[in-house]
Amino acid sequence: MTEAAVRCEKLVKRYGEVTAVDGLDLEVRRGECFGLLGPNGAGKTTTVEILEGLNDPTAGTVEVLGMRWTRDDKALRQRLGISLQETHLPEKLTVEENLRLFRSFYQRGREIDEVLDLVELRDKRRSWTEKLSGGQKQRLAVACALVSDPDLLFLDEPTTGLDPQSRRQLWDVVLGFKALGRTVLLTTHYMEEAERLCDRVAIIDKGKVIALGTPAELIASLGGEEVVELAAEVLPEDLSTLPGVRGARRSADGIALTVEHLHIALPAILQRVRGVTRLSTHHASLEDVFVHLTGRHLRE
Amino acid sequence: MNAPLTDRSRPNSLWELTLARLRLFFREPGAIFWTFGFPLVLSIALGIAFRNRQPEPVHIAVESPELATRLRGEQIRVHLLDAGAARTALRTGKVELVVQPGPPIVYLFDPTRPESRLARALADAALHPRGAPATVDKPVTEPGSRYIDFLIPGLIGMTIMSSGMWGIGYVVVEMRTRKLLKRLVATPMSKAQFLWSFVIMRSLFLFLELPILLGFGKLIFDVGVAGSLPLLVAVSCAGALSFAGLGLLVASRAQNTQTVSGLINLVMLPMFVASGVFFSTARFPDAVQPYLRVLPLTALNDALRAVMIDGSGVRAIGPQILVLAAVTAASFAVALRIFRWR
């Protein structure tokens, strides 16, 4: 069982002149939760839909659970759970009716009751789908993906547009599934989500993987664990050599410094810079990694 | 321990798909009205408008009292008016004919109006009696020859067409725009079963649509079925299948509901007019008759009327069944080839 859950090499997808996926390599290991993190339009959904067998690549090879699309479709479909970025399940079917419908497509799978408990929708089982809240609808969509008891779960932006509480509820569902030793591949543009759920993250930009590793590794690659943002009349280059400072760059409204030891760096910064009008610090995040790599923010 | 659990908990997918279709239909009050209520309302309205009634008298304007006395009779209502008022009454359709005193007596009328020509004939007969005619009038109102007898089979055909086209065409495209089709093909669902669920739903609906219209026609207007009832059901099924195919065909590529609504109307409107729902196709020129005959609704209506009115058997409606079968086969074949699942 050492084979990868998902492997793709030199994946390319072009729509006419537009290249959505531009030579993307990926390997998702069994039992891990793997995240594709990137801004809107980075090619995440296109990539995932190719891996799900819903879109054909222009070039490149794809292997899912050791099988190939077009050759092993039937067997593969039985073992995947898929939640698309947007699916409107039939509004006038109840939660339970929708789940029974999806359950009926699979040879093996879970009991409806079991899945309802997993996503905490048991008391909504007789409600029409249209009566559910956004978070409940999204959990139902994930429930439809879990009803087959899949080996591999695809979630395309599962929490986009949800309130923080609904988001946390959905994270619990994903963590519960992962705890069973199953594999998850999810896309997101929330760095917090990737840090919380994912064992490994691939940062995607313009159809390419620009960084790959555990969230901790990626953040460590910045050279410091803290970020200091300040607004002052000073050039970034003047600050990059200060003690404890590992990197400096111009940000949208001032200067951002990556810092290793805050207690050493901060006095030095304040001594060098006159007329600081604003200063704040935060723990370095995947967002900072993305900004460091591309000069842009994730949610632009 | 695992094996029996999975078998027990697996519902049958064709059954679940069909059940979902039926549930979604019956939970949509608008759809229920347009499928079942609308044809009934239409048949009541038309039944009343074209009911059989006593022949109405013609209205004639005259300018002299002497002529009025000579013309007045059971079938003629006389209006004594001056010349100007008489012309106005004729122009606005309040009278069919103006008779001006002579000599010679002058008839003013529009020869393109059948009522005017009738009024002229009646006036002529009243002014120049030549003895009793040697003929006797006998009005015919036997079941089978009335307008409502013609209309009910046409309405059944129309209902089968529109509920098939909308019930499949529109619904499938809506599922595509809502990304539900894409979600379904991401499962191991059998595409054939998915399409079958629509065909089964349409066939089941016939057993609601047919009794409602037939029972209504029988109760209110005494419209019976002269031929075999099973044959009528079979003909309706053949019609439902061909419109299921056409519904699927218009839905096979359309990306939004506006497009498919346009396509459905494009397919249905010519047949509403030209396939003999409300009036006989015989009114169209001979040159276009062969084209009208291969329209599926014409074939369906002709076959329904043959069974309901003339009591025809299978053999007599062979050509119509053949047209319906051909439309079914061709539309399903093309639709499946070009169908867009994602």
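Undergrad: How would you sum up the overall build of chain B? Please name residues and give values.
TA: Counting its secondary structure elements, chain B contains 14 helices and four strands. Taken over the C-alpha trace, chain B has a radius of gyration of 28 Å; the compact-globule value for 342 residues is 20 Å, which it surpasses by more than 25%. In terms of principal-axis extent, the alpha carbons of chain B reach across some 110 × 40 × 40 Å. Sequence separation of at least 24 residues holds for 71% of the intrachain contacts in chain B that already meet a minimum separation of 6.

Undergrad: Tell me what's going on with the overall build of chain A, and back it up with residues and numbers.
TA: Counting its secondary structure elements, chain A contains ten helices and 13 strands. Principal-axis analysis of the C-alpha atoms gives chain A an extent of 70 × 45 × 40 Å. Within chain A, buried positions represent 44% of all 300 residues. Considering only contacts in chain A between residues 6 or more positions apart, those separated by 24 or more positions represent 69%.

Undergrad: Summarise the confidence of the model for chain B; cite the residues concerned and give the values.
TA: Residue and element names in this part refer to chain B. Taken as a whole, chain B shows an average pLDDT of 85; of its residues, 91% reach a score of 70 or greater. Counting contacts from residues 1–6, a segment whose pLDDT is below 50, to residues more than four positions away or on other chains yields three contacts. Here the predicted complex carries an ipTM of 0.89, next to a pTM of 0.81.

Undergrad: Go over the interface of chain A and chain B, please, and point to the residues and values.
TA: Counting residues at the interface gives 26 residues for chain A and 22 residues for chain B. For the side of chain A that touches chain B, the elements supplying multiple residues, two or more each, are helix H2 (73–79) and helix H3 (95–103) of chain A. Of the residues contributing to the side of chain A that touches chain B, the split by class is ten nonpolar, six polar and ten charged.

Undergrad: If you had to explain the sheet that holds strand E7 (residues 183–188) of chain A to someone new, which residues and values would you point to?
TA: Residues and elements named next belong to chain A. Taken together, six strands build an open sheet; the order of strands is E5-E6-E7-E3-E8-E9 and the sheet is mixed. The sheet is open, and its two borders are formed by strand E5 (80–83) and strand E9 (208–213), each paired with just one other strand. Neighbour-to-neighbour, the strand axes of this sheet turn through a mean angle of 15°, independent of strand direction. Where strand E8 (residues 200–205) and E9 come together, five bridges link them in antiparallel fashion. Bridging from a neighbouring strand, aspartate 205 pairs with lysine 208 of E9. Packed on one face of the sheet, helix H6 (residues 164–179) meets strand E3 (33–37), strand E6 (152–156) and E7 and runs near 150° to E7. Those strands touched by helix H10 (residues 286–294) are E3, E8 and E9, and its axis lies near 35° from that of E8.

Undergrad: Please set out the sheet that holds strand E4 (residues 106–108) of chain B residue by residue, giving values where relevant.
TA: Residue and element names in this part refer to chain B. Strand order across the open sheet formed by four strands is E2-E1-E3-E4, with mixed pairing between neighbours. A strand with exactly one partner marks an edge of an open sheet, and here the two such strands are strand E2 (76–80) and E4. For this sheet the average axis-to-axis angle between neighbouring strands, irrespective of direction, equals 30°. Across five bridges, strand E1 (residues 58–62) lies against E2 in parallel orientation. Among the inter-strand pairings, valine 62 is bridged to a residue of E2, identified as leucine 80. Sheet contacts for helix H6 (residues 114–127): E1, E2, strand E3 (97–100) and E4; angle to E1, the most-contacted strand, approximately 65°.

Undergrad: Go over the domain arrangement of chain A, please, and point to the residues and values.
TA: Considered domain by domain, chain A is made up of domain 1 (6–218) and domain 2 (223–283). Between the C-alpha centres of domain 1 of chain A and domain 2 of chain A there is a distance of 39 Å.

Undergrad: Hey, could you go over unusual backbone geometry for me, with residue numbers and the actual values?
TA: Residue and element names in this part refer to chain A. Not every positive phi belongs to a glycine, and lysine 10 is a case in point at roughly 50°. Here lysine 10 is to be found in strand E1 (residues 6–15). You can call lysine 10 partly exposed: it has 13 C-beta atoms within 10 Å. You will see that glutamate 120, though not glycine, has its phi angle at about 55°, which is positive. Among the structural elements, glutamate 120 can be located in the loop between helix H4 (112–118) and helix H5 (134–146). Using a count of 14 C-beta atoms within 10 Å as the deciding quantity, one classes glutamate 120 as partly exposed.

Cut-offs used in this document
- Residue positions are given per chain, counting from 1 as you read along its sequence in written order.
- Both sets of labels track the order of writing: A upward for chains, 1 upward for ligands.
- This being a predicted model, a pLDDT of at least 70 is required before a residue's local features are given, and a value of 80 or more before pairs of side-chain atoms are given or counted; all residues contribute to the totals for chains, interfaces and linings.
- A run of H or I in DSSP becomes a helix once it reaches four residues, and a run of E becomes a strand once it reaches two; helices and strands are each numbered from the N terminus.
- When we talk radius of gyration, it's over C-alpha atoms, and the globule rule is simply 2.2 Å times the number of residues to the 0.38.
- Once C-beta atoms have been placed from the backbone, residue pairs whose C-beta atoms lie within 7 Å are recorded as contacts.
- Exposure classification rests on a simple neighbour count of other C-beta atoms within 10 Å of a residue's own: a residue reaching 20 or more is buried, one at 12 or fewer is exposed, and one in between is partly exposed. C-beta atoms are placed from the backbone.
- Confidence of the prediction at every residue is given by pLDDT, a number between 0 and 100.
- Amino acids outside the nonpolar list (Ala, Val, Leu, Ile, Met, Phe, Trp, Tyr, Cys, Pro) and the charged list (Asp, Glu, Lys, Arg) are all regarded as polar, and Gly is one of them.
- Paired strands are those between which DSSP finds at least two bridges.
- A fitted line through C-alpha atoms serves as each axis, taken over the contacting stretch for helices, and the angle formed by two N-to-C directions is quoted from 0 to 180°.
- Domain ranges listed in this record stem from an automatic or a database domain assignment.

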